[in-house]
Amino acid sequence: MADNSNSTLDELKTSRLDRRLSIAKTSLQLGKRWAGNSVSGLFLNKEDRRTRNQAFMQEQAKYLADELGKLKGSVVKIGQMLALYGEHFLPPEITEALQSLNDNTATLSWTSMQKTLKAQLGDLYAELEIDPVPIGTASLAQVHKAIIRETGQLVVLKVQYPGVADAIDSDLSLFKHLLRVTKAVPQTRIFDEWFAEIQDLLHQEVDYLAEAATTERFYDRLKDDNRYVVPQIIRRYSSERLLCMTFEHGVSITDPSLRQLSQSRRNTLGQAAIEIMLQEIFVWGEMQTDPNFGNYLIRINNPEDTATDLTADSEVPDQVVLLDFGAIRQFDDHLLRIARGLLEAGFYHDFDAMLASMHGYEFLDTMSQSVREDMARVFLTATEPFSLPELNPDIPPALIDSDGLYSWAESRLHQRIMKEAGSAMQSTEFSLPPKELMFISRKFIGAYTFLTVLDAHTESRPLIAAVL
């Protein structure tokens, strides 16, 4: 959830009529532009027409994103989700433009938010001293600090914008219509399936009682592990549209102060960050699907001397603060069995074991042997950081430091995976991966980026021992 210092809105366009009018205007403009482009390109040769159409697509995609950004609520969230998961079925110009949609948009005025808070809290509103200036905004909610008057405890209130939950289904329908108007998105079964998936995730995200329960599960799992901090939910002030939790301080993963930490402390943070991802997928079978850096903070302990290692048993290590448990995806035992097999094969860097572990997953079983072998090599590259260095001759020597740890910042792992995947993905047999595989893939990419930015070095043995 982004900090915000931009302009303030008196109210949101949350009524179906208001939102339909705004999007209808955008649709009309897009339609006119496409018609004009088609006519003006009639007398161009094929190559000039292709170049012109590509430039035009970029221009229209930017216009689409700019207009959507003026509407908070699920329209923006839908765009963000499509930007994250839509590269396999949307034109690159569309996904690139949608990536510009962010949460750092105008805040909703205190008058409007106060009205919402009073409606949600009732008589309990008087028990809180709420800061009218938000500390963060997002497409679906706004966050305000507050103090419980009786105890002086500092808390945060995640307040859902009024009307956004009721607008989800309508917004999805309007968004699909907008993409149809661009005439650049194939209207296929896969396209419809992804919109159904996004619809389900959005309805989960606006159910704050469900998010409260998920946060409490993660809190219980991690309360005895001092490497992590999970906010505690305060049920007294929470409801279906309002979430109250303890305020947890920390700095962003991109904060310059993290680069001042000793290598050992960054390694400890990195080991914790990658381990929690593995726990989510392979042990608990439920995963936070949004890899946004805004869902994490780093709490630096002993900040006065960041270069000193925290070695004493009595010292609390630097901690990973986990935020936002709304976008949770659960996985069944069959998928988890397949995933554990792939991870174990990667640990031993065993090509034959990787091929065997892929068996039983329909998406992979339908491929020819040659394409399956290509995918096995992709999985071996993707699991490189979790493999035993002494068993993996394919690890570039420069990536293993003097202590035998894997160096993330030097690895260029994401680029190497994509290059390795090129031959398999170009095969006519390769179709859009199943949604759960794409969610897990995105989670790994997010974690890889996290560790690269942190410039952490990690050890494979304890990571794998914790999940297999």
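As the structure is a computational prediction, the values presented were derived from the model and not from experiment.

On to the environment of Ser112, then. Checked against the element boundaries, Ser112 lands in helix H5 (residues 110-121). Judged by its relative accessible area of 15%, Ser112 falls in the buried class. In this structure, the C-alpha to C-alpha distance between Ser112 and Pro162, residues 50 residues apart in sequence, is 8.7 Å.

Moving on, we get to the packing of helix H11 (residues 351-358) against helix H13 (residues 369-382). The N-to-C vectors of H11 and H13 enclose an angle of 115°; their axes lie 9 Å apart at closest approach. When the axes of H11 and H13 are compared, the pair comes out roughly perpendicular. Every pair of crossing elements has a handedness; the one defined by H11 and H13 is right-handed. Contacts between H11 and H13 involve Phe351, Met354, Leu355 and Met358 on the former and, on the latter, Gln369, Arg372, Glu373, Met375, Ala376, Arg377, Phe379 and Leu380. The class makeup of the residues in the contact of H11 with H13 is eight nonpolar, one polar and three charged.

Further remarks concern unusual backbone geometry. In this structure, Asp324 takes a positive phi of about 65° despite not being glycine. One can find Asp324 in the loop between strand E11 (319-322) and strand E12 (328-330). For Arg412, which is not glycine, the phi torsion reads 50° and is therefore positive. Inspection of the secondary structure puts Arg412 in the loop between strand E13 (406-407) and helix H14 (413-425).

Looking now at the packing of aromatic side chains. Tallied over the full model, the rule gives nine aromatic pairs. Ring centres of Phe293 and Phe450 lie 6.0 Å apart, and the angle between their planes is 85°; on these two criteria the pair is classed as edge-to-face. Here the residue Phe293 occupies a position in the loop between strand E9 (286-288) and strand E10 (296-299), and Phe450 occupies one in helix H15 (residues 435-454), the gap between them amounting to 157 residues. For the pair Phe444 and Tyr448, a centre-to-centre distance of 5.8 Å together with 80° between the ring planes defines the contact as edge-to-face. Residue Phe444 and its partner Tyr448 are both found in helix H15; the two are separated by four residues, about one turn of the helix. Assigned by exposure class, Phe444 and Tyr448 land together as buried. Chaining the aromatic ring pairs together yields one cluster made of Phe386, Tyr406, Trp408, Phe444 and Tyr448. A cation over an aromatic ring shows up here: Arg221 above the ring of Phe218, its NZ or CZ 5.0 Å from the ring centre.

The next point concerns the nonpolar core. In this structure, Leu278, Met358, Phe386 and Phe444 are the most contacted members of the largest nonpolar core, which totals 89 residues. Sequence-distant contacts of Phe444, that is, excluding residues within four places in its chain, are made with Met277, Leu278, Ile281, Phe282 and Phe386. Residues Met113, Leu121, Ala146 and Tyr237 belong to the second largest nonpolar core, which totals 18 residues.

Let us now look at the packing of helix H9 (residues 263-284) against helix H10 (residues 333-347). The interhelical angle for the contact between H9 and H10, taken along N-to-C directions, is 130°, at an axis separation of 9 Å. With respect to H10, the axis of H9 lies oblique. Counting all contacts with H9, which are made through Leu278, Ile281, Phe282 and Val283, the residues of H10 involved are Leu336, Ala339, Arg340 and Leu343. When the residues that make up the contact of H9 with H10 are grouped by side-chain class, the tally is seven nonpolar, no polar and one charged.

Here H10 is 15 residues long and its end C-alpha atoms lie 21 Å apart, about the 21 Å a rise of 1.5 Å per residue gives. Listed as buried for H10 are Leu335, Leu336, Ile338, Ala339, Gly341, Leu342, Leu343, Ala345, Gly346 and Phe347. Buried positions along H10 lie against H9, H11, H13, H15 and helix H16 (460-465). At the N-terminal end of H10, a side-chain oxygen is found 3.2 Å from the backbone nitrogen of His334, two or three residues along, and the residue is Asp332.

Right, let's get into the pattern of salt bridges. Applying the stated criterion across every chain, the model contains 20 salt bridges. Among the ionic pairs, Arg217 bridges to Glu286, the shortest N-O distance being 2.9 Å. Taken as a pair, Arg217 in helix H8 (residues 208-222) and Glu286 in strand E9 lie far apart in primary sequence, 69 residues in all. The partly exposed category is assigned to Arg217, whose relative accessible area is 32%. For Asp318, the salt bridge is made with Arg265, and the minimal N-O distance between the two is 2.8 Å. Placement of the pair is Asp318 in the loop between E10 and E11 and Arg265 in helix H9, with a sequence separation of 53 residues. Bridged by salt links that share partners, the residues Lys158, Glu211 and Asp324 form one connected network.

Our next topic: H5. Its 12 residues place the ends of H5 16 Å apart at the C-alpha level, agreeing with the 16 Å of an ideal helix rising 1.5 Å per residue. Along H5, the residues that are buried comprise Ser112, Met113, Thr116, Leu117 and Leu121. An end-on view of H5 places all buried positions within 150° of arc, on one side of the element. Exposed side chains of H5 directed beyond 90 degrees from the buried face belong to Thr111, Lys115 and Ala119.

This part takes up the side chain of Lys158. Note that Lys158 resides in strand E6 (residues 154-160). Residue class for Lys158 comes out buried when judged on its relative accessible area of 9%. Looking at Lys158, its side chain comes within polar contact range of the side chain of Glu211, at 3.1 Å.

On average, residues of the protein chain score 81 in pLDDT, and 74% of them reach the 70 mark or higher. The spread of mean pLDDT over the elements of the protein chain runs between helix H1 (residues 16-40), the lowest at 47, and strand E3 (residues 128-130), the highest at 98. A low-confidence stretch, residues 30-44 stays under pLDDT 50, and its non-local contacts, those more than four residues away or across chains, total 25 contacts.

Looking now at the sheet that holds strand E7 (residues 228-229). Two modes of strand pairing occur in sheets, parallel and antiparallel, and in both the strands are linked by backbone hydrogen bonds. Overall, mixed pairing links the three strands, which are arranged E7-E11-E10 in an open sheet. Here the strands that pair on one side only, and so sit at the sheet edges, are E7 and E10. As judged from the four bridges shared by E10 and E11, these two strands associate in the antiparallel manner. In the sheet register, Arg299 faces E11, and the bridge partner there is Gln319. The strands that H9 touches are E7, E10 and E11; relative to E11, the one it contacts most, it runs at about 35°.

About the cut-offs
- Residues numbered from 1 in each chain as written.
- Predicted model: local features only at pLDDT ≥ 70, side-chain atom pairs only at ≥ 80, totals over all residues.
- Heavy atoms only, no water.
- Helix = DSSP H or I, 4+ residues; strand = E, 2+ residues; numbered from the N terminus.
- Buried < 20%, exposed > 50% of the residue type's maximum accessible area, 1.4 Å probe, protein only.
- Axes fitted to C-alpha atoms, helices over the stretch in contact; angles between N-to-C directions.
- Parallel < 35°, antiparallel > 145°, perpendicular 65-115°, else oblique.
- Left-handed = near helix turned anticlockwise from the far one by under 90°.
- Contact = heavy atoms within 4.5 Å.
- Nonpolar A, V, L, I, M, F, W, Y, C, P; charged D, E, K, R; others polar.
- Phe/Tyr/Trp six-rings, centres within 6.5 Å; stacked < 30°, edge-to-face > 60°.
- Lys NZ or Arg CZ within 6 Å of the ring centre and 35° of its normal.
- Core = buried A, V, L, I, M, F, W, Y, C linked by side-chain atoms within 4.5 Å.
- Expected span 1.5 Å × (residues − 1).
- Polar contact = N/O pair within 3.5 Å; in protein donor to acceptor, adjacent residues only side chain to side chain.
- Salt bridge = Lys/Arg side-chain N within 4 Å of Asp/Glu carboxyl O.
- Arc of directions from axis to C-beta.
- pLDDT = per-residue confidence, 0-100.
- Pairing = 2+ DSSP bridges.

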